[in-house]
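Chain by chain, the residues:
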Amino acid sequence: MAKTTEQNADVSNAKFEYRVWGKHRKARKLLAQLASEETIEEFEDCYFLVDDTTFNAKVRDSTLKVKQLVAEERGFERWTSHWHRNAGSAPSPFDELFEELRLDRHTSGKTLNLPKAVKRLDPETAAKAVFVTKLRRRYRIGNLRAEVTDITIESTGELLRTLAIEGSELDDLVALRKKLGLRGEENVAIHVAIDNDH
């Protein structure tokens, strides 16, 4: 049975996601074999953790991305995501965070030093900032996407390893999860995992 967490969210771009943690060597190797495309990416992100874990917010390249959990079905979480370039479009409390960080500076050609901006945040700000570096291999398998990512927590140097599959076709995802030998593994989103550890 599907569990819906937010009835009014815009789900037009919502995707199902299943994310596990650890090395999962066999699954990683099989993903590489199954993939029709593979790309390598490196990112520096700052996650803003709030009490409501149905929201996953991060800043990348001075732009705020907010994901919202809208449903859970068959062990998969369904997330909708939007990039925000102004405070007015961001949901609360991220609209205030957007303004406090002055993320709109980059649209006027001014550079933003995010670590300095985070240090200037009001201590009463509800969001906790966690800076991470991600090294990711992204795969395409039919109409599905997958990734294996090494995430380094900047404050501690700790390395976390994660593997995820995502897409809009739930039956195909369930079949891929079974093929990868991941059925029964706990599905934990990135912001929840880094909050549990830090």
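See above for the structure.
Anyway, here's the lowdown on the structure attached to this text.

Reading the values: the criteria
Along each chain, residues carry numbers from 1 onward, in the same order as the chain's sequence is written. Since the coordinates come from a predicted model, pLDDT governs what is reported: local features require at least 70, and pairs of side-chain atoms require 80 or more to be given and counted, while whole-chain, interface and lining totals use all residues. Heavy atoms throughout the structure, all of them, feed into the side-chain values; hydrogens and water do not. Working definition: with a 1.4 Å probe on protein chains only, accessible area under 20% of the residue-type maximum means buried, over 50% means exposed, and in between means partly exposed. The way it works is that DSSP assigns letters per residue, a run of H or I at least four long becomes a helix, a run of E at least two long becomes a strand, and they are numbered from the N terminus. DSSP-based pairing: two strands are paired if at least 2 bridges between them are found. Patch construction takes residues with relative accessible area above 30% that form no salt bridge. Like charges are linked within 9 Å, and nonpolar side chains (Val, Leu, Ile, Met, Phe, Trp, Tyr) are linked within 5 Å. Every accessible area reported is derived by Shrake-Rupley at a probe size of 1.4 Å, with residue values counting cover from the shown protein chains alone. Throughout this description, the term salt bridge denotes a Lys or Arg side-chain nitrogen within 4 Å of a carboxyl oxygen of Asp or Glu. When charges are tallied, Lys and Arg are placed among the positive residues and Asp and Glu among the negative ones, while His and the ends of the chain are skipped. Note that the charge is assigned to NZ on lysines, CZ on arginines, CG on aspartates and CD on glutamates. Stacked, tilted and edge-to-face pairs are distinguished by plane angle, under 30 degrees for stacked and over 60 for edge-to-face with tilted covering the rest, among Phe, Tyr and Trp rings (Trp via its six-membered ring) whose centres lie within 6.5 Å. Placement of a charge over a ring requires the Lys NZ or Arg CZ to be within 6 Å of the ring centre, with the centre-to-atom vector within 35 degrees of the ring normal. To form a nonpolar core, buried Ala, Val, Leu, Ile, Met, Phe, Trp, Tyr and Cys residues must be joined to one another through side-chain atoms within 4.5 Å. A contact between two residues is defined here by any heavy atoms of the two lying within 4.5 Å.

**Comments concerning the pairing of strand β9 (residues 159-167)**
For β9, the buried fraction is high: seven of the nine residues fall into the buried class. Relative to β9, strand β8 (residues 144-153) is paired through eight bridges, and the arrangement is antiparallel. Each residue of the ladder has a partner; that of Arg 145, found in β9, is Glu 166. Counted between consecutive antiparallel strands, the loop separating β8 from β9 contains five residues, among which Gly 157 sits at a positive phi close to 80 degrees.

**Considering a negative patch on the surface**
Negative charge collects at one region of the surface, where Glu 96, Glu 99, Glu 100, Asp 104, Asp 122 and Glu 124 lie side by side. Take Glu 96: it is sitting in helix α2 (residues 94-101). A relative accessible area of 48% means that Glu 96 is categorised as partly exposed.

**Concerning the packing of aromatic side chains**
Within the structure shown, the criterion is met by two aromatic pairs. In this structure, Arg 177 packs its charged tip against the face of Tyr 18, placed 4.9 Å from the ring centre.

**A word on the pairing of strand β2 (residues 15-21)**
Burial analysis of β2 places five of its seven residues in the buried class, the great majority of the element. As judged from the three bridges shared by β2 and strand β6 (residues 76-84), these two strands associate in the antiparallel manner. Bridge pairing links Glu 17 to Glu 77 in β6. The sheet contact formed by β2 and β9 spans six bridges and is antiparallel.

**Points about a positive patch on the surface**
A surface patch of positive charge is lined by Arg 102, Lys 110, Lys 116, Lys 119 and Arg 120. Inspection of the secondary structure assignment puts Arg 120 in the loop between α3 (114-119) and β7 (128-141).

**Digging into the nonpolar core**
Of all hydrophobic cores here, the largest spans 21 residues; its most connected members are Phe 48, Leu 64, Phe 94, Leu 101, Leu 103 and Leu 114. Counting only elements with at least two residues in this core, the list comes to β3 (37-49), β4 (55-60), β5 (63-73), α2 and α3. Of the residues forming this core, the biggest block, four residues, is contributed by α2. Beyond its immediate stretch of four places on either side in the chain, Phe 48 contacts Ala 57, Val 59, Phe 94, Leu 97, Leu 101, Val 118, Leu 121, Ala 127, Lys 128 and Ala 129. If you look at the next biggest cluster of nonpolar residues, it comprises 19 residues, including Tyr 18, Phe 76, Leu 163 and Leu 170.

**Side note on unusual backbone geometry**
For the bond running from Ser 92 to Pro 93, omega is 5 degrees, close enough to zero to count as cis. Tracing the chain through its elements places Pro 93 in the loop between β6 and α2. Phi angles above zero are rare outside glycine, and His 24 is one such case at about 45 degrees. Within the secondary structure, His 24 sits in the loop between β2 and α1 (25-34).

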